[in-house]
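One letter stands for each residue in the lines below.
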Amino acid sequence: MMADESALLLSLVEEFVSGLQDSKAKDTAAGVKDGQFTVLQLVEALGLSLTSSQPHTRARGVQLLSEVLQECYGDLTEREVEVLITFYENRLKDHYVITPPVLQGLRALTKCKALPPGSAVSMLRSLFQDVHVQSLMLGERACVYNMLINLMETREAELKGLGADFVFGFVQSMDGERDPRNLLLAFQIAKSIIHRGYDLGKFTEELFEVTSCYFPIDFSPPPNDPHGITREELIQMLRDVLSGTPRFAEFLLPLIIEKLDSDVQSAKLDSLQTLTACVSRYEHKDLAEFLEGLWTSLRREVFQTSSEKIESAGLAALTALTSCLSCSVLSSDSDDSLSTFLDLVLKDCKHHLCEPDLKLVWPSAKLLQAACSASNRASHIVTAAVMPALIEQYNSRTQCSHRRTLLEVVQRFIQSVKTSQSSETEEIVLSAFRPSLCSMVFSALSESNASLQITATSTLTSLAQQTGLLCDSDIELAVDHLTRLLLTEEDNNISLAVVECAGALAELHPTAFITKVIPKLKEEIFSEPMEQDKEAPEQHSHHAVRQRCLSALAAVSTQPSVIQESTPVLLEVLSSAHTGSFSVEEAVLACCSLQRIAEQVQDTEETGRCFHNVIIPRLLSLALQAALQGEGSSGRRSPLVEEAVLSAMVPVISTSCSRLQPTMAGQTTSKAVSLFLDGDVSFLPDNSFPSHIQLLKKQQGDSWSQSQMVCLLMGCVCSLPRSVEVPQIDRLLSELVEMSCTCSHPLAYTSAAKCFAGLVNKRPQGDSFDSLIQKTMKRVCSELDSASSSVRTQAFTLMIWVAKALLLRYHPLFTALTDKLFSLLDDTDLGPMAADGFSLLMSNSTDILNRDCHADVRIMYRQRFFSENSAKLVQGFNAAPQEKKPNYLKALSNIVNKLPKQVQVTELPALLSLLLEALSCPDRGVQLSTLSCLEPVLIDPPPALIQQLEALVNRLLALICSPAMNVRIVSLRCIHALSRFPVHEILPFRARVLRALAQPLDDKKRMVRSEAVQARAEWFLLGSPGGR
């Protein structure tokens, strides 16, 4: 080393040790890294400091060396490490003030790759012998734990060579640890000792004791804890330790039984979850002597619990315990642990199942079902014991409530058995009881009690889902019962349950539904009521039957083979509706059934062909026939031209195009575009249409029925995946703009605008796209700026939908549309419509511009819109004349009401004055929207709100007498929330509020009275003894 470098090193040492300049450690480390001097030269330079008679001087010298090592440990040679370890081991015997920096240095050395063989053992022997870890400060204890973790990662074989001495040393080091940060480290070491196979020797109980003393964890982190340690982390880490080895069983299981006697709910829950975790690692012999105690504790927790969490944890523990016992291998000279345990369970629970009117029937059933679900062996034992008794009880009872309870219990057992079966090759557990179970279910389905029939449908579903429990004759009988109930049962709850059951069975046994159910449903749908029954009630009843049949057709249509049979029936309903056999409502139901089928079917080529080649062309053909027919000679218009029916057809088409076979969807779109642009009807069935069809051209006279068909085109082209191209798109967009701005029929021009917006949203960026938007805006603005224009509403509709399309994808041109929308708030005719337009911008759209339709929707677009435009809205409100201010208030309310609640709470204080103004707006929609915004903010009021309390109370009290029920209800909720404000702030309003609340107490609506009672009770207690 050069003289100047030596002088520099001595200077750095002197300034750190004597000058107490801690920053010099980094300078020294930099010198070592740069090669100016080595670590051993640093040790030589520290000679006087390390041999000083003053302990604090020696400590500063060791501290400098340790801090340098923390930066430079990776560059040390094996010889240097060996020398440093010897030095540090000797220093551990020095004065106690030197111990902390020594430990820092040793921790740095444990990270060295050049650690000599045997040095890990040497370090630990010195550490365990010379250091009492729990007398150290928190940081030094953490240093020791980190040393152990480092050495266990890199020198596992050497540490295992220490045998049980290593475990004993760790136990001594950890014993008494209290800090949660260090406990996490200590639990990590204990977990590694157990899971990596270290020799516990005779210290198994000591390791258990030193860790289990923290069980169950009782730790609540302080507020704003910078370390982020949670109670759940500590619980999970300790659980991993305690459940890690069967050798802990003899100590842990008595501890768990003891802790389950605790009155602390969290301790019970932790104990049950730990029991579940540990028995998964145990064998039956580990549990044998504790079974009775464990069962007594588990039974008590389920029988007497007031917490669903504890009940669920107790049942899960019972299942795990039974599963463990099920793994015992039987031999001629061994006891059957599973049978012994289940005898205990059955002895305490079985007799309660024969008392369906008493409260212990359900806890007993749950315990038995938890045991039953554990394994195939357990389910055989339990069902053999309880099923005969349940079946006998069901057959002997006459009260429907008792029979329903018993049937529910049986259903849960069927589900438990299904859970326990691990493979289809195992013997079917309930096969011996199949005839009796089927007889119970079918007899219950024949009863007149609604709740019993509903339970029977659920049980039938569970039976069907168990392989081999229903034979073909049972399926046929079940189908007959379901069909009968569908056709005759008027109770809505029963109908829903029957339809759900039919759907589940059809998925498993499609053939029975194809041959029996669908023909019967079709026959009933197309049957006419008898002449003498065509009174109003009978007519309504027949309509209800049709309704149920149409819902059932959708529910059973999950398999392609069933769909091939059910969808033609639904299409025939629409065809018959066109000729007058079905009402508008029934046609809408048929469309809803088709949509449901499209949503639930699997995306296969077969289902794709069914929808794209059959259903969609048929829908277009029927709609076109109805549109061309107009009014017939009888003066009757086809139901298929009604807006409700067309609007119901749209989701059938859009769902099919968005999720079924993209290639076929592209072909369907191509055909649909040709139909609407060129009148190409060649792909439509029943092709007898004229050749001059122009569906997107302005129609003459009363021909809006053709124009409104554009909504079907919208459903097709706007729901395609973005990878599928729309043919002739430029021409199509041009025609859609023209139709939007010239058509007078609301459904037609709105659908054209939405179709244009849906296509624009997915178009790629570029100059051509920008020019398209600018051209469209020029056309729209020319109409909007002309006060005499007859199509201003149409132009506004196009503008607002294009604005939404651009907002969702963050397109820069959206700003120009927003500015135009703000300017229209001052328009005499369009102002209210512009205010409502903000609601459309912020709302989710169900038919287009949503993620299901593959639209380009960016995250947090609402928050972005609010942050960019709220200031403009406030400025516009302040500058607007008095008669136009309600439009701004309505716009603000519509924007804020659609924001996420967290954003509302943050942003509302700045807009509070405007929102209070909005409460005085005569528009009830604005009042309700504003109240909905305020309600969550009142729970944790900002200071700005408390300052405006006088104005807020006055406006809310005025609204509790509003003619609108919803406004009265929400205003009362807000007044209720005000009662939680600081007492000294709201006490002056108490008398006034109580007087005002007297009137809604006598409101004619029960829901209003209920809210008034709750609000008045809280306000009445303010300032009273026992109140707030």
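What counts and how
Residues numbered from 1 in each chain as written. Predicted model: local features only at pLDDT ≥ 70, side-chain atom pairs only at ≥ 80, totals over all residues. Heavy atoms only, no water. Helix = DSSP H or I, 4+ residues; strand = E, 2+ residues; numbered from the N terminus. Rg over C-alpha atoms; globule rule 2.2 N^0.38 Å. Buried < 20%, exposed > 50% of the residue type's maximum accessible area, 1.4 Å probe, protein only. Contact = heavy atoms within 4.5 Å. Axes fitted to C-alpha atoms, helices over the stretch in contact; angles between N-to-C directions. Parallel < 35°, antiparallel > 145°, perpendicular 65-115°, else oblique. Left-handed = near helix turned anticlockwise from the far one by under 90°. Nonpolar A, V, L, I, M, F, W, Y, C, P; charged D, E, K, R; others polar. Expected span 1.5 Å × (residues − 1). 1 Å grid on protein atoms, 1.4 Å probe; cavity = no way out; pocket = protein on both sides within 12 Å on 5 of 7 lines; lining within 4 Å. Points joined across faces, edges and corners; volume = space filled by probe spheres on them. Patch = residues over 30% accessible without salt bridge, like charges linked within 9 Å, V, L, I, M, F, W, Y side chains within 5 Å. Areas by Shrake-Rupley, 256 points an atom, 1.4 Å probe, with all protein chains shown as cover. Salt bridge = Lys/Arg side-chain N within 4 Å of Asp/Glu carboxyl O. Lys, Arg positive; Asp, Glu negative; His and termini not counted. Charge placed at Lys NZ, Arg CZ, Asp CG, Glu CD.

Peer 1: Hey, could you run me through the overall build of the protein in this one?
Peer 2: Tallying secondary structure elements over the protein gives 53 helices and 0 strands in all. Computed over its C-alpha atoms, the radius of gyration of the protein comes to 39 Å, more than 25% above the 31 Å expected for a compact globule of 1028 residues. The burial tally for the protein puts 54% of its 1028 residues in the buried class. Pairs at least 24 apart in sequence give 74% of the contacts found in the protein among residues at least 6 apart.

Peer 1: Any chance you could explain the packing of helix H7 (residues 99-110) against helix H9 (residues 138-154) here in plain terms?
Peer 2: For any two helices packed against each other, one specifies the crossing angle of their axes together with the interaxial distance. Here H7 crosses H9 at 20°, and the two axes come no closer than 9 Å. In this view, H7 runs roughly parallel relative to H9, as classed from their interaxial angle. In terms of crossing hand, the pair formed by H7 and H9 is left-handed. Taking contact as the criterion, the partners of Pro100, Leu103, Gln104, Leu106, Arg107 and Thr110 in H7 are, on H9, Glu140, Cys143, Val144, Asn146, Met147, Asn150, Leu151 and Thr154. Residue composition of the contact of H7 with H9, by class: 7 nonpolar, 5 polar and 2 charged.

Peer 1: Would you take a moment to explain H9 for this structure?
Peer 2: Since there are 3.6 residues in each turn of an α-helix, residues three or four apart along the chain are aligned in direction. Helix length check: H9, at 17 residues, gives a terminal C-alpha distance of 25 Å against a target of 24 Å (1.5 Å per residue), a fit within 8%. With respect to burial, H9 is a largely interior element, 12 of its 17 residues being buried. Taken together, the buried positions of H9 are occupied by Glu140, Arg141, Ala142, Cys143, Val144, Tyr145, Met147, Leu148, Ile149, Asn150, Leu151 and Met152. Buried residues along H9 sit in contact with H7, helix H8 (119-130), helix H10 (156-161), helix H11 (164-174) and helix H12 (180-195).

Peer 1: Would you mind showing me how to read the layout of surface pockets here?
Peer 2: Which parts of space are left empty comes out when a probe the size of a water molecule is rolled across the atoms. Approximately 340 Å³ is the volume attributed to the largest pocket. Of all the secondary-structure elements, those providing two or more residues to the lining of the largest pocket are helix H27 (492-508), helix H29 (536-555) and helix H31 (584-600). Partitioning the lining of the largest pocket into residue classes produces 6 nonpolar, 6 polar and 5 charged.

Peer 1: Explanation requested: a negative patch on the surface in the structure shown.
Peer 2: On the surface, Glu205, Glu206, Glu209, Glu250 and Glu289 cluster together into a negatively charged patch. Note that Glu250 resides in helix H15 (residues 249-259).

Peer 1: Please explain the packing of helix H26 (residues 472-488) against helix H28 (residues 510-526) as it appears in this structure.
Peer 2: At a minimum axis distance of 10 Å, the contact between H26 and H28 shows a crossing angle of 20°. In terms of axis orientation, H26 runs roughly parallel to H28. Crossing of H26 over H28 shows right-handed handedness. Counting all contacts with H26, which are made through Ile475, Glu476, Val479, Asp480, Thr483, Leu486 and Leu487, the residues of H28 involved are Ala512, Phe513, Lys516, Val517, Lys520, Leu521 and Glu524. Here the residues of the contact of H26 with H28 are counted per class, giving 8 nonpolar, 1 polar and 5 charged.

Peer 1: When you look at the pattern of salt bridges in this model, what are you seeing that I'm missing?
Peer 2: Scanning the entire structure with this criterion turns up 40 salt bridges. In this structure, Asp270 and Arg239 form a salt bridge, with 2.7 Å as the shortest nitrogen-oxygen distance. Residue Asp270 is located in helix H16 (residues 265-279), and its partner Arg239 is located in helix H14 (residues 231-242); the two are separated by 31 residues in the primary sequence.

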